[in-house]
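Overview (structure and organization)
Letter by letter, the chains look like this.
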Amino acid sequence: MSASPFARALEAVLAPLRFAAQGDGANAVRVRDLAPTVRTGLAALLALHVPRDARTAAEHAARAFADPVADHALGRATLAALARLGPMAEPGWRERALERPLHWIAGIGAKRAAAFEKRGLATVSDLLFRLPTRYDDRRHLVRIADLEVGRRATFAAQVRTADLVPGRGKTGAFRRVLHAIVSDETGSIELTWFRGGDALLPTLRKGAQLLVTGDVRRYRFSKQLLHPEIEVQGAGEAGDEAAVAALRQIVPEYAAVEGVAPRALRRAIQCAVDEYADLVEGHLPESVVRARGLPDPPAALIAIHHPESDLDPALLAERRTPAHERLVLEELYLLELGLALRRERREREPGVSIAGGPRAVAAREALPFRLTGAQRRVLDEI
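Predicted model, so just to flag it, every value in this text is computed and none were measured. (Residues numbered from 1 in each chain as written. Predicted model: local features only at pLDDT ≥ 70, side-chain atom pairs only at ≥ 80, totals over all residues. Heavy atoms only, no water.)

1. So, the nonpolar core
Spelled out, the test is: For the purposes of this section, nonpolar cores are sets of buried Ala, Val, Leu, Ile, Met, Phe, Trp, Tyr and Cys residues that join through side-chain atoms within 4.5 Å. For the exposure calls, accessible area comes from a 1.4 Å probe over protein chains only, and a residue counts as buried if that area is under 20% of its type's maximum, exposed if over 50%, partly exposed in between. Contacts were defined at the residue level, with two residues in contact if any of their heavy atoms lie within 4.5 Å.
One finds Phe6, Leu17, Phe65, Leu85 and Leu127 to be the most contacted residues of the largest nonpolar core, which totals 63 residues. Setting aside anything within four residues of it in sequence, one finds Phe65 in contact with Leu17, Leu34, Ala35, Val38, Arg39, Leu74, Ala77, Thr78 and Ala81. In this structure, Leu147, Ala180, Ile189 and Ala208 belong to the second largest nonpolar core, which totals 22 residues.

Set out below in structure tokens:
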């Protein structure tokens, strides 16, 4: 088992602090370069993907060791830092943090956390390991004139009109449908939303520049995108093209969660990764990791949820990246380990002795079929 990056960074800070804390902090002045060592260690910890409470504790400790630190204050700073950082090194803290409910994540309130929990996403760990089902390659934009029915595409366009149109759904219930017409230099296309139109309409101002992603479908005699994802980039001012270009990246897509918008789900997962990824530890033997050149689990999670823009989308789609391989092997290893432990426990259990004799013969003769030669040999062995 390999310690998490968080555990390693925390221990690098705590080791000199524990030594300096001896004698109620009196030993601090004897530790060479204690303050810069602690500051360097805390900077490394703060560069990781760690929870807000861990980050706050590290920031408070860093302030206690802010340069310069007088000799007479070193002991007090050491004890204060240990009091804040020490609890996070206790057994079980990391596991409990990963099992926190989702309202611990920035941007997820109690109401949204409850909505996620109803769909089986109750903890931080649930979000971390909800892996993408596909990736949208938004690096290469398509012109509207070149959009193909039945294919998913990303294109830049400008809003021409956007209106809520009253209507009735299949059940007869009244609803308002949002229709928007967007265009580029090659043509125009309709975007339609049957849900969430009231919230979306204010962002679709005439002239707003959009980055649109969705599945192109045929509607009557024209093309249409139903419930596309959009990124709004202003209203055509100078510099909007650069802003759109910055969004040209590989974007993970996840299995739909009823009642949760795809963008909201992606944002929640990204927040979980940003705050908790480096708490995940590895279990795969180091010999396997080195031989295959695999990243550690936190790096694998970050690479899968935040793919680099220079990655081959085909490798991502087929889950053939080193990051995917690491997580797959981790799961297979833990599964095999669990089965081995179960077999070991079973082998320790005392067997039940069944005596032979007339009863065994009677049981065999009571069978409604004739035993094969192999079956008779097995029965004799038993």
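2. Brief notes about the layout of surface pockets
Note the cut-off: Every definition here rests on a 1 Å grid over the protein atoms only: cavities are sets of points where a 1.4 Å probe fits but cannot get out, pockets are open sets enclosed by protein on both sides within 12 Å along at least five of seven lines, and lining residues have some atom within 4 Å of a point. Grid points are joined across faces, edges and corners, and a volume is the space filled by probe spheres set on the points. Helix and strand definitions follow DSSP, with helices as H or I runs of at least four residues and strands as E runs of at least two, each counted in order from the N terminus.
Roughly 850 Å³ of volume is contained in the largest pocket. Taken together, 30 residues make up the lining of the largest pocket; nearest its centre are His227, Glu229, Ala261, Pro262 and Arg263. Contributions of two or more residues to the lining of the largest pocket are made by helix H8 (197-200), strand E5 (209-219), strand E7 (229-232) and helix H10 (262-276). Broken down by element, the lining of the largest pocket gets its largest block of residues, 5 residues, from H10.

3. With respect to a positive patch on the surface
Stated formally: Patches in this entry comprise residues that are over 30% relatively accessible and not in a salt bridge; like charges within 9 Å are linked, as are nonpolar side chains (Val, Leu, Ile, Met, Phe, Trp, Tyr) within 5 Å. Residue burial considers only the protein chains on display, and all accessible areas are found by Shrake-Rupley using a 1.4 Å probe. In the sections that follow, a salt bridge refers to a side-chain nitrogen of Lys or Arg positioned within 4 Å of a carboxyl oxygen of Asp or Glu. Counted as positive: Lys and Arg. Counted as negative: Asp and Glu, with His and the chain ends omitted from the count. By convention, charge coordinates are those of NZ in Lys, CZ in Arg, CG in Asp, or CD in Glu.
The grouping of Arg364, Arg370, Arg376 and Arg377 at the surface amounts to a positive patch. By the element assignment, Arg370 lies in the loop between helix H15 (358-365) and helix H16 (373-381).

4. Observations concerning the packing of aromatic side chains
The criterion, for reference: Pairing of aromatic rings covers Phe, Tyr and the six-membered ring of Trp, with a centre-to-centre limit of 6.5 Å; geometry is then stacked below 30 degrees between planes, edge-to-face above 60, and tilted otherwise.
Throughout the structure, instances matching the rule amount to 1 aromatic pair. Relative to Trp93, the ring of Phe6 lies with its centre 5.5 Å away and its plane at 25°, an arrangement referred to as stacked. One end of the pair, Phe6, is in helix H1 (residues 5-20); the other, Trp93, is in helix H5 (residues 93-98), with 87 residues separating them in the sequence. Look at Phe6 and you get buried, because its relative accessible area is 2%.

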